[in-house]
Amino acid sequence: MATDEFANDVLDHIVPDRASCSQSKNPRNDYRQFYWHGGFLFRQNLLYVPNGPPRLQVLQHCHDTPIVGHYGVHKTLELISPQHWWPHLRQFVEEYVCSCDTCCRSKSPRHRSYGLLQPLPIPENPWKSILLDFIPSGPGPPCPSGTLFCSPGRGIIINHQ
Ligand SMILES: [Zn+2]
């Protein structure tokens, strides 16, 4: 916990013999929720997990192990939150689960389908509507500047110099 700024801030206020008792960096913290017992910091009977590898280990234990089998955000939170706590726990779990490679590869999307692509409306006059795209290396002979200005779907291709 030596580098955990939040834990040090809390400990400065709840442990009377800490030498570095200073002004609170987070004045809105309610330090009455915290207590120090057996070398561990607790918040309302939940173990505070310090910043860094311990949080990742708790999350991996509650999400990655075969016995839990890559639950979603809510079930992973249900496994963590009865015993552990740290600031922004939900956000941490959401980011971890959304970035889990196994979940991204194996779980099917549960939202409605995106629907069909809609064609662009046909412009009434030339140059009324243009689309721009710059292709670094397009098909055909290379242009001197190496960049191709293209108006996709409009039949206009101009070499950009
Ligand atoms: Zn996963």
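This is a predicted model, so every value here is computed, not measured.

About the cut-offs
- Residues numbered from 1 in each chain as written.
- Predicted model: local features only at pLDDT ≥ 70, side-chain atom pairs only at ≥ 80, totals over all residues.
- Helix = DSSP H or I, 4+ residues; strand = E, 2+ residues; numbered from the N terminus.
- Buried ≥ 20, exposed ≤ 12 C-beta atoms within 10 Å, placed from the backbone.
- Contact = placed C-beta atoms within 7 Å.
- Core = buried A, V, L, I, M, F, W, Y, C linked by C-beta atoms within 7 Å.
- Domains from an automatic or database assignment.
- Pairing = 2+ DSSP bridges.
- Axes fitted to C-alpha atoms, helices over the stretch in contact; angles between N-to-C directions.
- Left-handed = near helix turned anticlockwise from the far one by under 90°.
- Nonpolar A, V, L, I, M, F, W, Y, C, P; charged D, E, K, R; others polar.

Draft legend 1. Quick look at the overall build of the protein chain. Along the protein chain, the regular secondary structure elements total five helices and seven strands. When the helices and strands of the protein chain are listed from N to C terminus, the series reads α-β-β-β-α-α-β-α-α-β-β-β. Burial analysis of the protein chain (161 residues in total) assigns 8% to the buried set. When contacts within the protein chain are restricted to residue pairs at least 6 apart in sequence, those whose partners lie at least 24 apart make up 32%.

Draft legend 2. Molecular detail of the nonpolar core. Counting residues in hydrophobic clusters, the biggest one holds 11 residues: Val10, Leu41, Tyr48, Val49, Val58, Leu59, Cys62, Ile80, Trp86, Val93 and Val97. If you list the elements that add at least two residues to this core, you get helix 2 (53–63) and helix 4 (89–98). When residues of this core are assigned to domains, at least three map to each of domain 1 (1–48) and domain 2 (51–108). Beyond its immediate stretch of four places on either side in the chain, Trp86 contacts Tyr48, Val49 and Arg55.

Draft legend 3. Highlighting the pairing of strand 2 (residues 40–43). Pairing analysis gives four bridges linking strand 1 (residues 34–37) to strand 2, with the strands arranged antiparallel. Residue pairing for strand 2: Trp36 is matched across the bridge by Leu41. In textbook terms, the turn of a hairpin is the stretch between consecutive antiparallel strands, and for strand 1 and strand 2 this stretch comprises two residues, one of which, Gly38, has a positive phi near 60°. Two elements, strand 2 and strand 3 (residues 46–48), share two bridges in a ladder whose sense is antiparallel. Bridge pairing links Phe42 to Leu47 in strand 3. Turn length for the strand 2-strand 3 hairpin, with the two strands adjacent in sequence and antiparallel, is two residues, and the turn residue Gln44 shows positive phi of about 50°.

Draft legend 4. How the structure looks around the sheet that holds strand 2. Pairing in this open sheet of four strands is mixed, and the strands run 1-2-3-4 from one edge to the other. Single-partner strands in this sheet number two, and they are strand 1 and strand 4 (84–85). For strand 3 and strand 4, the ladder comprises two bridges, and the chain directions are parallel. Note that in strand 4 the partner of Tyr48 across the bridge is Trp85. Contacting strand 1, strand 2 and strand 3, helix 1 (residues 5–14) crosses the sheet at an angle of about 85° to strand 1.

Draft legend 5. The packing of helix 2 against helix 3 (residues 73–80), seen in detail. Packing of helix 2 against helix 3 leaves a shortest axis separation of 9 Å and a crossing angle of 115°. The two elements helix 2 and helix 3 meet at a crossing, and its hand is right-handed. Here Val58, Cys62 and His63 of helix 2 lie close against helix 3, whose contacting residues are Thr76, Leu79 and Ile80. Looking at side-chain class alone, the contact of helix 2 with helix 3 contains four nonpolar, two polar and no charged residues.

Draft legend 6. Fine view of unusual backbone geometry. With phi around 50°, Gln44 is a residue other than glycine that occupies positive phi space. Here Gln44 shows up in the loop between strand 2 and strand 3. Residues other than glycine seldom take positive phi values, yet His88 does so here, at roughly 60°. Tracing the backbone shows His88 in the loop between strand 4 and helix 4. His88 sits in the exposed class, given 9 other C-beta atoms within 10 Å.

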